[in-house]
Amino acid sequence: MSYSMKWNLESIYPSVNSTELEEALSKWEKQIPELGQTIAAWDPEQDKPDYNKMKLIIDSLNKLQPEISEAGMFINGTLSADVNNGKAKTLLGRISVLYSELSTVTVPFYKKFALVSDEDWQSLLSLPEFKEFAFNLNEDREDAKKLLSEKEEALLSKLAVDGFQGWEQHYDTLVSKIEISVTDKEGQEQLLSAGQAENRMYNDPNPDVRASLFSKWEAVWENQADLFADTLNHLAGFRLTDYKAHGIYDFLEKPLKASRMRKETLDAMWQAISDNKAPFTSYLSRKAALLGKDKLGWQDVEAPVTVGNSEPKSYTFDEGAAFIIENFRNFSEKMADFAKMAFENRWIEAEDRPGKAPGGYCAELPVSKESRIFMTYSNSPGEVATLAHELGHAFHNHVIFDLPYLKQHFAMNVAETASTFAELVVSDATVKSAISNEDKIALLDTKIQNSLAMFLNIHARFIFESNFYREREKGLVSAERLNELMEEAQKEAYQDSLASYHPSFWASKLHFYISGISFYNFPYTFGYLFSLGIYAQALESGSNFEDQYIALLQDTGSMNTEDLAKKHLNVDLTSTDFWVKGINIIKEDIQTFIELTESYIPE
Ligand SMILES: [Zn+2]
């Protein structure tokens with residue numbers, strides 16, 4: 001079997017230059033204002049008692065939103081695979097305008113929800129057409145109560161195209177110019193894109209290569225730190241002004257709401273993590289000892305550990321695919337068959353080549369009811385785990401595509417549940433498949449690295465972003481100050497256990513520049529620990545697991561996180577107990593790692 005490492009986007013649209021796409025864009029550009037007129041004419045009072053007009057509007061939205069979103073994913077995917085595609089950039093701008101116009105016409109619709117009396121609202125929700133959307137419609141109604149006037153919302157939304165989303169696009173442009181020069185084995189100079197350089201800096205087995213790349217990496221971001229600082233400051237500044245205009249004075253309110261979770265839950269999670277860092281710092285000192293160092297450098301944390309005669313284990317793309325499919329099958333036939341289909345149908349862009357955007361993601365195509373995965377694959381076990389992670393996202397999309405569109409929007413924290421679960425299945429399997437202790441150590445290391453990222457790296461991002469927003473509320477934050485804030489956050493999160501830190505991490509990390517959402521960090525850690533809990537139950541429950549798991553995933557679009565956990569896992573997320581149980585699973589891995597590596601510490 002040989003799977004293609006290039007994805008198939010052509011089944012969505014022939015290309016960004018195609019007439020099909022152009023016609024679709026023009027069609028939506030016409031349809032949105034028409035829908036706007038229908039909404040403007042809608043009077044809930046006159047639509048009583050069967051609300052037929054409201055039903056028609058919802059039907060139009062359920063058609064229009066996924067269509068535009070699918071085209072957006074297609075254009076964005078084209079750009080990720082070819083960062084210099086000018087046409088895709090232009091079209092992305094056009095899609096932003098469409099999103100903005102769609103929100104301009106829908107805002108008055110939701111605003112009218114707020115005008116319906118509580119009594120009428122209850123009778124509306126009891127109608128068979130609306131009953132199953134009660135959670136989602138209530139959510140929209142609550143949000144609507146916070147909205148400004150139609151005119152103000154429309155202006156805000158229009159200004160955001162250039163004044164907000166524009167900064168995110170500017171960030172992508174800056175990153176696409178980043179090149180890092182390295183000398184290959186033959187003495188030839190080679191230019192690496194940001195994505196390629198980052199991959200090599202963290203994964204190269206040679207510590208000198210990592211160290212040299214890391215100093216070049218820091219320098220290249222540092223060089224343009226002012227440009228990145230402007231970008232970050234303006235994104236956050238716009239956001240804070242928008243919050244204030246809506247009576248929101250806590251910068252965590254929106255991200256928490258986006259995750260449909262309570263502050264008590266977030267606090268309990270970080271508390272459990274902060275109280276349980278000792279095993280992670282012991283792991284870092286052990287890894288340093290194995291590399292013959294006192295402390296690890298930033299670039300060594302994720303480096304492969306090789307002891308004795310073991311070569312770092314590698315998987316070709318086909319081997320990685322086979323391994324993922326086989327191990328998914330131990331938990332769920334449906335997950336395994338799904339992954340196989342995704343490989344066969346070329347849903348994955350994995351090739352390692354210049355001109356690609358850094359990082360990885362999974363994009364949902366709600367009209368085709370398919371997904372696409374973007375990443376750069378270079379044969380490490382960590383990348384097999386990443387691939388499994390993205391396939392987990394795709395599986396979540398797959399089980400939820402059967403529901404009405406209104407119920408498909410799961411919050412970001414639970415969006416990481418299926419992905420992390422899939423990743424755990426695969427990384428656990430790589431450890432169990434080890435043939436020697438040397439092998440087992442290397443694989444265990446890869447697995448622990450992942451939890452380390454959740455508990456230390458992402459903790460640092462959360463601390464940084466909280467402190468940044470606190471200062472940004474008072475004014476612009478300079479590049480130097482951003483460096484300081486980042487280094488302080490990293491020291492706190494890693495408990496001073498490293499020899500060097502990555503002060504310009506705030507510039508190199510795309511996640512800080514996403515206009516659609518801030519605090520693109522704690523939902524990862526949440527999803528990870530939430531998945532550990534599910535994984536533990538999966539190991540216990542055996543054959544019933546598949547159905548239970550799919551039922552949980554399908555409820556993710558229409559429940560609060562705390563209720564979802566209570567219903568499907570019978571746990572209280574606001575207590576540290578649940579979180580500590582998850583952390584304990586990882587503690588065991590670290591314990592095994594420390595025992596196995598004892599005899600490999602160099603003299
Ligand atoms: Zn993910």
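How each quantity is defined
- Here the residue index of a chain counts from 1 through its sequence in written order.
- Per-residue local features of the predicted model are confined to residues with pLDDT of at least 70, and side-chain atom pairs are confined, for both listing and counting, to 80 or more; whole-chain, interface and lining totals are unaffected and use all residues.
- Excluding hydrogens and water, the side-chain values take into account all heavy atoms of the structure.
- Each metal site lists N, O and S donors within 2.8 Å (3.2 Å for Na, K and Ca). With water left out of the atoms, a site can look as if it is missing ligands.
- Secondary structure elements are defined from DSSP: runs of H or I of at least 4 residues count as helices, runs of E of at least 2 residues count as strands, and each element is numbered from the N terminus.
- Here's how the labels work: a residue is buried when its accessible area is under 20% of the maximum for its type, exposed when over 50%, partly exposed in between, all with a 1.4 Å probe on protein chains only.
- How far a helix is expected to stretch is found by multiplying one less than its residue total by 1.5 Å.
- Consider a residue and the seven residues that end there alongside the seven that start there; fitting an axis to each set, the bend is the angle between those axes.
- In the analysis that follows, any N or O atom pair within 3.5 Å is treated as a polar contact, provided that within protein one partner can donate a hydrogen and the other can accept it, and provided that, for residues neighboring in sequence, both atoms belong to side chains.
- By nonpolar core is meant a set of buried Ala, Val, Leu, Ile, Met, Phe, Trp, Tyr and Cys residues that side-chain atoms within 4.5 Å join together.
- Should any heavy atoms of two residues lie within 4.5 Å, those residues are counted as being in contact.
- By definition here, a salt bridge exists when the distance from a side-chain nitrogen of Lys or Arg to a carboxyl oxygen of Asp or Glu is within 4 Å.
- Each Phe, Tyr or Trp ring (for Trp, its six-membered ring) is paired with any other whose centre lies within 6.5 Å, and the angle between the two planes then decides the class: stacked below 30 degrees, edge-to-face above 60, tilted in between.
- To sit over a ring, a charge needs its Lys NZ or Arg CZ within 6 Å of the ring centre and within 35 degrees of the ring normal.
- Strands are treated as partners if at least two bridges between them are detected by DSSP.

Colleague: Which residues make up the coordination of the zinc ion, and what values go with them?
Modeller: For the zinc ion, every protein donor is listed as His389 (NE2), His393 (NE2), Glu416 (OE) and Glu416 (OE), and the spread of their distances is 2.1 to 2.7 Å. Read N to C, the donor residues that coordinate the zinc ion are spaced as H-x3-H-x22-E. Of this pair, His393 sits in helix α17 (residues 381–400) while Glu416 is found in the loop between α18 (412–415) and α19 (417–432), placing the two residues 23 residues apart along the sequence. Taking relative accessible area as the criterion, Glu416 reaches 4% and is therefore assigned buried.

Colleague: Hey, could you go over helix α4 (residues 86–115) for me, with residue numbers and the actual values?
Modeller: In this model α4 runs 45 Å from its N-terminal to its C-terminal C-alpha over 30 residues, within 8% of the 44 Å that 1.5 Å per residue would give. Along α4, the helix axis deviates most sharply at Thr106, where the bend reaches about 30 degrees; the proline Pro108 sits within four residues downstream. Capping the start of α4, Asn85 holds a side-chain oxygen 3.2 Å from the backbone nitrogen of Lys87, two or three residues further along.

Colleague: Go over the nonpolar core, please, and point to the residues and values.
Modeller: Residues Phe328 and Trp506 are the most contacted members of the largest nonpolar core, which totals 153 residues. Broken down by element, the residue count for this core peaks at 15 residues, all from helix α20 (residues 437–472). Not counting residues within four places of it along the chain, the set of residues in contact with Phe328 comprises Met335, Ala336, Ala339, Ala388, Leu391, Ala422, Val425 and Val426. Core analysis: the second largest hydrophobic core is formed by 49 residues, Tyr13, Tyr51, Leu98 and Phe130 among them.

Colleague: Go over the pattern of salt bridges, please, and point to the residues and values.
Modeller: Counted under the stated rule, the structure contains 36 salt bridges. A salt bridge links Arg94 to Glu22, with the nearest nitrogen and oxygen atoms 3.0 Å apart. Here Arg94 is found in helix α4, whereas its partner Glu22 is found in helix α1 (residues 19–41), with 72 residues between them in sequence. Classification of Arg94 as partly exposed rests on a relative accessible area of 21%. Residue class for Glu22 comes out partly exposed when judged on its relative accessible area of 33%. Taking the shortest distance from any N to any O, the salt bridge between Arg329 and Glu333 comes out at 2.7 Å.

Colleague: Just give me the short version of the packing of aromatic side chains, but keep the residues and values in it.
Modeller: All told, the structure shown has 47 aromatic pairs when counted by the stated rule. Plain terms: the ring middles of Phe545 and Tyr549 are 5.1 Å apart, the flat faces sit at 20 degrees to each other, and that makes the pair stacked. In this pair, Phe545 and Tyr549 both sit in helix α24 (residues 545–555), four residues apart, roughly one turn of the helix. Clustering of aromatic rings is evident, with ring pairs tying together Phe251, Trp270, Trp298, Phe462, Phe464, Phe468, Tyr469, Tyr494, Phe505, Phe512, Phe519 and Phe522. Its end group placed over the ring of Phe374, Lys356 keeps NZ or CZ at 4.9 Å from the ring centre.

Colleague: Run through the sheet that holds strand β5 (residues 370–374), naming residues and quoting values.
Modeller: Read from one edge to the other, the open sheet built from three strands follows the order β3-β5-β4, with strand pairing classed as mixed. Among the strands making up the open sheet, the edge pair consists of β3 (348–349) and β4 (361–365). Note: β4 against β5, five bridges, orientation antiparallel. The residue of β5 that forms the bridge with Ala363 is Arg372.

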